[in-house]
Amino acid sequence: MNLSKINHSFPVPPGNLGLPIVGESISFLSDPQFAKKRHQKYGNIFKTNIVGSPTIFVRGAEANYFILTNENKYFINSLPPSAKALLGSLSLSQQIGSQHQERRKLLYQAFQPRILSGYVSMIEDLTEGYLHKWAKLGTLTWYPELRKYTFDVACKFLIGLDFASETQLGYLFETWSKGLFSIPLSLPWTKFNHALQSRQQLLNHLEAIIHQRQQQNLGKGEDALSILLQARDGEGNSLSLEEVKDQILMLLFAGHETLTSALASFCLLLAQYPEILIKCRIEQQEFAKSKEITLENLKHMSYLEQVLREVLRLIPPVAGGFRKIIRTCDFKGYRFPEGWNILYEISLTHQDGSVYYQPSRFDPDRFNYKQTEDISQPFNYLPFGGGVRECIGKEFARLEMKLFAAHLVRDYSWELLPSQNLEMILIPVPHPKDGLKVKFVKL
Ligand code: HEM
């Protein structure tokens, strides 16, 4: 790359840096239309000042490509201060450059297709158990229940624990995750402080699990924890205990908040579009005969695949990704100054009317490749991000979503209860304000 080509005389993008220190943080946190309104005013690229840093927002495939293919050259991952402290400095989310790539390779061993296929029956058993429980309840607030479900699946998959949501670990995790996107003030009454305390206790729990495995020589399994315990770096050294704990905690978080949001959006949209639910059921009848769901027949559930893709397009659980600019660069006639933050926007890229016809409509047929050309080019459609930091759990997430969805539509019916607020709260992940209250029955 020829650095002399960077044009330092270009202006920084248009926009408003807001008040000193606070910038536009209050509007960013309280107004779901924050970015949309500014894009309407300034175009695809604008500047603002949020959570203590001047930040550039960009949307669209070209900008996504520029950011995600220049990781480590112009940009590195950047987290809000609260998440930085609570995720731990040794987790993948804070590693950069070659260390990040090395650790990713190592963690990826737990997500290979061969390993994932061994988890199908575990996910099915947990799914059936929860569906049965919800049908017995008759009416329920679904979101907290979906969180328990995805937490149980994640704990079993990552650390081999059964029904973790009902244990002290589940309780600590709740308190910890409430602080992740909070004001990083450590005073006795703040969410952040409670979360810091929970982090310490969670790490103690994980340490006890690790010691137990080491004593019983149970580290030879194939869950993420076993893989991390057996792993050796380029020089043959094992990972420190501190790093194993940070990596597992980060995976537990990444592996269940996003999935909860995705599943809740699926349930909400299918309740609102009964004709699409019927089409899903018709497709499932073809597979119900074989009863057992395998990785192979999951691949043939093409309509369900379209529906899940469309759910992740319309309501992506991760709205975008923050990066820090580590070297001044320019893009589309604007200068991106070193030291600023930049956010690539997933949700607004998915709303691009030049790519998606009537983008705010829920329309799974837009992903029917028999009728249309493939519109999901990597940087137009990126619910799992892209480049060297693309979601490592993507295939696991897709597997869990499909298994859950297939069992749900086959055997159960649900309807939204009246008088509830279905408005989407966007932080930390999209979720319906009143938690999605439903009547739930077995067919
Ligand atoms: C529907 C579910 C999920 C969605 C939509 C999702 C989305 C994403 C996105 C957009 C990124 C990139 C963020 C960025 O560029 O800053 C990401 C990264 C990541 N995801 Fe996921 N994710 C999901 C499920 C999972 C699961 C199940 C796991 C693990 C069990 C996981 C683990 C991770 C990790 C570790 C990273 C960081 C990768 C790195 O920095 O190299 N995710 N995810």
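Quantities reported herein were computed from a predicted structural model and do not represent experimental measurements.

### Describing the overall build of the protein chain
Consideration 1: Scanning the protein chain from terminus to terminus reveals 18 helices and 12 strands.
Consideration 2: For a compact globule of 443 residues, the expected C-alpha radius of gyration is about 22 Å, and the protein chain comes in at 22 Å, within 12% of that figure.
Consideration 3: Oriented by its inertia axes, the alpha-carbon framework of the protein chain measures out at about 65 × 55 × 45 Å.
Consideration 4: Looking at the protein chain as a whole, 51% of its 443 residues qualify as buried.
Consideration 5: Counting only contacts in the protein chain whose residues sit at least 6 apart along the sequence, the fraction spanning at least 24 positions is 71%.
Consideration 6: Where the 49 positive side-chain charges of the protein chain centre and where its 44 negative ones centre are 4 Å apart.

### What to know about the state of the cysteines
Consideration 1: Following the criterion strictly, the structure yields zero disulfides and no others.
Consideration 2: Take Cys267: it sits in no disulfide, and the sulfur closest to it among the cysteines is that of Cys280, at 11 Å.
Consideration 3: Accessibility expressed as a relative area gives 0% for Cys267, which makes it buried.

### Focus on the site of the ligand
Consideration 1: Taken together, 25 residues surround the ligand, and among them His100, Arg104, Tyr344, Arg389 and Cys391 come closest.
Consideration 2: Contact distances for the ligand include 2.5 Å between an oxygen atom and a side-chain N or O atom of Tyr344.
Consideration 3: Interatomic distance of 2.7 Å between a side-chain N/O atom of Arg389 and an oxygen atom of the ligand.
Consideration 4: For the shell around the ligand, the leading source of residues is helix H12 (residues 241–254), giving three residues.
Consideration 5: The class makeup of the residues in the shell around the ligand is 16 nonpolar, six polar and three charged.

### Concerning the nonpolar core
Generally speaking, soluble globular proteins have nonpolar side chains that are buried together.
Consideration 1: Among the nonpolar cores identified, the biggest contains 103 residues, and Trp134, Trp142, Phe266, Leu270, Leu408 and Trp414 are the most heavily contacted of them.
Consideration 2: Examining the composition of this core, we find that 11 residues originate from one element, helix H8 (residues 142–159), more than from any other.
Consideration 3: In this view, Trp142 contacts Trp134, Cys267, Leu408, Trp414, Gly435, Leu436, Val438 and Phe440; residues no more than four positions away in its chain are not counted.
Consideration 4: The next biggest cluster of nonpolar side chains, apart from the first, holds 19 residues, and it includes Tyr74, Cys329, Phe336 and Trp340.

### A closer look at the pairing of strand E8 (residues 341–345)
Consideration 1: For E8, the tally of buried residues reaches five of five residues, placing the bulk of the element in the interior.
Consideration 2: Here E8 shows a buried face lined by Asn341, Leu343 and Glu345 and a second buried face lined by Ile342 and Tyr344.
Consideration 3: Taken together, the five bridges between strand E5 (residues 320–325) and E8 define a ladder with antiparallel strand orientation. Across the sheet, residue Gly320 finds its bridge partner in E8, namely Glu345.

### As for the coordination of the iron atom of the ligand
Consideration 1: A lone protein donor binds the iron atom of the ligand: Cys391 (SG), at 2.3 Å.
Consideration 2: On the secondary structure map, Cys391 appears in the loop between helix H17 (346–349) and helix H18 (394–411).

### Re unusual backbone geometry
Consideration 1: With an omega of 0 degrees, the peptide bond running from Ile427 to Pro428 counts as cis.
Consideration 2: With phi around 45 degrees, Phe163 is a residue other than glycine that occupies positive phi space.
Consideration 3: For Phe163, the location among the structural elements is in the loop between H8 and helix H9 (168–178).
Consideration 4: The exposed category is assigned to Phe163, whose relative accessible area is 52%.

### So, the sheet that holds strand E2 (residues 53–59)
Paired through backbone hydrogen bonds, the strands of a sheet run either parallel or antiparallel to each other.
Consideration 1: An order of E1-E2-E8-E5-E3 is seen for the five strands of this open sheet, with the pairing classed as mixed. Taken across any chain shown, the strands that pair with only one partner, and hence form the sheet edges, are strand E1 (45–50) and strand E3 (75–77). Sheet twist, expressed as the mean angle between neighbouring strand axes with direction ignored, is 35 degrees.
Consideration 2: Together, E1, E2 and E8 form the strand contacts of helix H2 (residues 34–42), whose direction differs from that of E1 by roughly 135 degrees.
Consideration 3: Contacting E2, E3, E5 and E8, helix H3 (residues 61–68) runs over the sheet at an angle of about 130 degrees to E8.

Definitions and limits used
Residues numbered from 1 in each chain as written. Predicted model: local features only at pLDDT ≥ 70, side-chain atom pairs only at ≥ 80, totals over all residues. Heavy atoms only, no water. Helix = DSSP H or I, 4+ residues; strand = E, 2+ residues; numbered from the N terminus. Rg over C-alpha atoms; globule rule 2.2 N^0.38 Å. Buried < 20%, exposed > 50% of the residue type's maximum accessible area, 1.4 Å probe, protein only. Contact = heavy atoms within 4.5 Å. Lys, Arg positive; Asp, Glu negative; His and termini not counted. Charge placed at Lys NZ, Arg CZ, Asp CG, Glu CD. Disulfide = S-S within 2.5 Å. Near = heavy atom within 4 Å. Polar contact = N/O pair within 3.5 Å; in protein donor to acceptor, adjacent residues only side chain to side chain. Nonpolar A, V, L, I, M, F, W, Y, C, P; charged D, E, K, R; others polar. Core = buried A, V, L, I, M, F, W, Y, C linked by side-chain atoms within 4.5 Å. Pairing = 2+ DSSP bridges. Donors = N, O, S within 2.8 Å, 3.2 Å for Na, K, Ca; no water. Axes fitted to C-alpha atoms, helices over the stretch in contact; angles between N-to-C directions.

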